[in-house]
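What follows is each chain in one-letter form.
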4 protein chains.
Amino acid sequence: MIAICGSDDCETLKTSSIMLAEEIGRLIALRGGILVCGGRGGIMRAACKGAKAEGGLTVGILPDTKDEANEWVDVPVATGLGIRRNMVVVNAADVVIALNGRWGTLNEISFAQIFGKPLVLVRGSGGCVDDVVESQTLALCGTRYSVAETAQEAVDQAFSWCKNTV
Amino acid sequence: MIAICGSDDCETLKTSSIMLAEEIGRLIALRGGILVCGGRGGIMRAACKGAKAEGGLTVGILPDTKDEANEWVDVPVATGLGIRRNMVVVNAADVVIALNGRWGTLNEISFAQIFGKPLVLVRGSGGCVDDVVESQTLALCGTRYSVAETAQEAVDQAFSWCKNTV
Amino acid sequence: MIAICGSDDCETLKTSSIMLAEEIGRLIALRGGILVCGGRGGIMRAACKGAKAEGGLTVGILPDTKDEANEWVDVPVATGLGIRRNMVVVNAADVVIALNGRWGTLNEISFAQIFGKPLVLVRGSGGCVDDVVESQTLALCGTRYSVAETAQEAVDQAFSWCKNTV
Amino acid sequence: MIAICGSDDCETLKTSSIMLAEEIGRLIALRGGILVCGGRGGIMRAACKGAKAEGGLTVGILPDTKDEANEWVDVPVATGLGIRRNMVVVNAADVVIALNGRWGTLNEISFAQIFGKPLVLVRGSGGCVDDVVESQTLALCGTRYSVAETAQEAVDQAFSWCKNTV
C-alpha cells in the first residue's frame, strides 16, 4: 500500500502537479500497488484517477463521511477523525510519496518521519515538499527518505523501499 | 459498507457464533455489500471468510500493523490507533451488525449509538450483545437499532437500514 | 487522578444521582485526589462542584473547545477529539468511578475494562451502570472492578485501588 | 492556556534553547497563564521548570502514562494516544509558541496552522522552527502567526493573540 500526500483542491495548485500525481497513481497501479490517500480532491483525486485508469485499487481515508470521497475512490474509509485522519493515511501505508502540498501535507510528512515510514519527496513539485527537501530538519534528522525528480523515479523508489522493508 | 463487530479469538467463543458470523459475511457479499471489521480473529475472521467465499470485498481496520490482519482481509487499514481503532470501524460503516462479543464489542455498540449509526443486534449470539438487548439503557436510550434472530434477518435488516438512510 | 463518569445533563437524570456525584467529588478532594472528568454538565458538573467545595483541583477533558467546560473546571483540556475524548478521560485516570450514565458512560466503562483501569461501579445509581453490574459480560470478563453502594464506599474503593496499583 | 512546543531531550539541543524555554515558561507564569506542553523532557521540561519557579500551573499532555511526565508537571494528562497526542497539545492551547524542534514540533506547527490556532515562532531558536520561518509554505499559506526574536517578545505576542481572540 502506497500513500500519496499532497494538496487538496486550491487556487495555487498547478496543472503540472496534477499531471504528476495522475502519472504516479497510474504507475502504482501498473505495478500492482494499492493506492491509499486522503480521498479528497486535488493531488488525491488526480492520483486516484490515474490508478483507476490502469484498473488499480484505491483507498480513501476520509475525514468524516463517505460523501467526501472523490469519484475515483473504491474503498472509502470515513474515519470520523476530521483532519486528524492524516495520521491514519500515513500509518496505513508501507511507503509515503509526498508532492506539492501545504500544511496538511507537512503534517503527513512529519508523521511519516515520526512513525519511521519510508518517505519519497518529489523535488520540484512545489509547496511544502520543496521546503522540506531544502530544510535543515531533513538534513539533520531525516531518516528513511529519498528524493525523486520524476513520477517514474518516485514510484521506483517507493517499490524499492517496500522490497527492502518487507 | 456493513460492519461486523464481535469477539476476537478467545476460549469462550462458541462454534455456533463462528458459524453465524461466517453466514452473515457470506450474505453481505451475496448482496453486494463491502464488509468492514476490525480485521483480526474470531468473529471478524469468520465474517471475512464468509464474504470471500462469495467473492466479496473485505476491509480490515487494524490496531497497529498490517501483520495483524486475518488471511481473508483484502484491504488492511493499519490505523496506528491500537484498540481505539474501534471508533473508526463504526464510523466507516453505513450500518453495524453486532454479535456475541465482550468489552471491545460493547465499546463498538456504544460508539454506534453515540454516532447515530444504525445498529443490528443478533439476539442469542451470547456475550455482551445479549446483555445489551436486555438492558434498560437500550430500552430507554436506544435509537436506530433493530434486533435480529438469524443471519438472514440480520443482513436483511442491515440492508433495509442502508436503503432508508441513503 | 480519579475519573468520574456519568450522564451529561438530560431529562432523566435524577436529583439523587446529582447529589451522589457531588458527594463523591467532595470526598475525592477531601482526600487529596485530583478529579478528572469529561468537563461538561450533569454528573460531571456535580462532581466538579463537590470537589471545588473542598478546594480540590478539577480537570475537564473536553470534546472540542474550552467553552464547553462547566463553571467548576479548573483545567480545561479541549482535545479536539469530539465525543472520542472519552478514551482520554479514562486513560488519564488512575481509577474510574462510574455512576448512572447512558451510551457515553457505557463507552467509558468499556474503555476502562479494555485498558485495564480499575473501575468502581456505583450500584443503584441507575442508567447503564446498573445494567453493567447485572451483566453476563461483567460476570464472565470483568477484571479489576468493584461495586460500591454509597459515595463513601466508592471513594474508599477508588483510593484502595490507587494504593494497590502504584 | 499557552502551549510551548519544542524538542524533547536530544544530543543536539543547545543550552541556549533550554534557557530560552525556561525564560518563556517563567514569563507565562508571571502573567498568569497556564502552561501546557507535551510534558516530557528538553524544551518541555525547561518551560515547566521556569513556570514553576514563578508559581505557575503546568499541564503535561503525555503520550501514554503518567510516568512520562517531567518533575515540573502539576497536572499530568496521560492520553493513551502515543505521539499522536501532539494534536491535543495544540488543540488545548489558546496560542502555541514553538521554538527549536524536530519532526514532532513540525507536526505541532502544522496542526496549529490547520486548526487556526495563533502561532508564535521564535526565530533563531534553531531546528525546524527556523526552517518554517524561512519557508515558502509560511509565506504563501501562513495565517495567524507572528515571529518573535526573544522570550519577552514571544510571550508578549502570545498574550496579545489571546486578547485578540477572546
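The text that follows walks through the structure, step by step, so that each part is easy to find. (Residues numbered from 1 in each chain as written. Chains lettered and ligands numbered in written order. Predicted model: local features only at pLDDT ≥ 70, side-chain atom pairs only at ≥ 80, totals over all residues. Heavy atoms only, no water.)

**Focus: the relation of the copies chain C and chain A**
Under the fitted operation, chain C is carried onto chain A by 0.0 Å of movement along the axis and a turn of 180 degrees, and the coordinates agree to an RMSD of 0.0 Å. Expressed as a symmetry operation, the mapping of one chain copy onto the other fits a two-fold axis. In terms of proximity to the rotation axis, the leading residue of chain C is C:Leu81, whose C-alpha is 3.6 Å off the axis. Mapped onto chain A, 100% of the interface residues of chain C are again interface residues, and the two copies thus contact each other with one and the same surface. (Least-squares fit on C-alpha atoms with pLDDT ≥ 70 in both. Contact = heavy atoms within 4.5 Å.)

**Quick word on the pattern of salt bridges**
All names here are of chain A. Overall, the coordinates contain 37 salt bridges over all chains when judged by the stated rule. Here Arg-26 makes a salt bridge to Glu-23, at a shortest N to O gap of 3.2 Å. Pair noted here: Arg-26 and Glu-23 are both in helix H1 (residues 15-30), with a separation of 3 residues, about one helical turn. Take Glu-23: its relative accessible area is 29%, and that puts it in the partly exposed class. What you see here is one network of salt bridges that share partners, running through Asp-9, Arg-45 and Glu-71. (Salt bridge = Lys/Arg side-chain N within 4 Å of Asp/Glu carboxyl O. Helix = DSSP H or I, 4+ residues; strand = E, 2+ residues; numbered from the N terminus. Buried < 20%, exposed > 50% of the residue type's maximum accessible area, 1.4 Å probe, protein only.)

**Points about the pairing of strand S5 (residues 95-98) of chain C**
All names here are of chain C. Burial along S5 is two-sided: the face carrying Val-95 and Ile-97 and the face carrying Val-96 and Ala-98 are both buried. Across 4 bridges, the pairing between strand S1 (residues 2-5) and S5 is parallel. Each residue of the ladder has a partner; that of Ile-4, found in S5, is Ile-97. Bridging between S5 and strand S6 (residues 119-122) involves 3 bridges; their strand directions are parallel. Its bridge partner being in S6, Ile-97 is matched across the sheet by Val-120. Following the backbone out of S5, through helix H4 (residues 103-115) and into the adjacent parallel S6, one traces a crossover that is right-handed. (Pairing = 2+ DSSP bridges. Right-handed = clockwise from strand over helix to strand, strands pointing away.)

**A word on the packing of helix H1 (residues 15-30) of chain C against helix H2 (residues 43-53) of chain C**
Residue and element names in this part refer to chain C. Between H1 and H2, the shortest axis-to-axis distance is 6 Å and the interhelical angle comes to 40 degrees. Overall, the two elements H1 and H2 adopt an arrangement that is oblique. Considering only the axes of H1 and H2, their crossing is right-handed. Between H1 and H2, the residues in contact are Ser-17, Ile-18, Ala-21, Glu-22, Gly-25, Arg-26 and Ala-29 and Ile-43, Ala-46, Ala-47, Lys-49, Gly-50 and Ala-51, respectively. (Axes fitted to C-alpha atoms, helices over the stretch in contact; angles between N-to-C directions. Parallel < 35°, antiparallel > 145°, perpendicular 65-115°, else oblique. Left-handed = near helix turned anticlockwise from the far one by under 90°.)

**Description of H1(C)**
Spanning 16 residues, H1(C) covers 23 Å between terminal C-alpha atoms, matching the ideal 22 Å at 1.5 Å per step. Note on H1(C): the residue one or two positions beyond its end, C:Gly32, has a positive phi of about 85 degrees. (Expected span 1.5 Å × (residues − 1).)

**Structural notes on the interface of chain C and chain A**
Chain C puts 4 residues into the contact, and the matching count from chain A is 4 residues. Of the roughly 240 Å² buried between chain C and chain A on both sides combined, carbon and sulfur atoms contribute 46%. For the chain C face of the interface with chain A, the top three residues by lost area are C:Gly80, C:Leu81 and C:Arg84, together amounting to 95%. One can count 0 salt bridges joining chain C with chain A. Counting every contact that joins chain C to chain A gives 2 residue pairs in polar contact (both at pLDDT 80 or more). (Buried area = accessible area lost by both parts, 1.4 Å probe. Polar contact = N/O pair within 3.5 Å; in protein donor to acceptor, adjacent residues only side chain to side chain.)

**Side note on the relation of the copies chain D and chain A**
Least-squares fitting of chain D to chain A yields an RMSD of 0.0 Å, with the superposition described by an axial translation of 0.0 Å and a rotation of 180 degrees. When the interface residues of chain D are mapped onto chain A, 100% of them are again interface residues, pointing to one common binding face.

Spatial relationships are all this shows, so hold off on functional conclusions.
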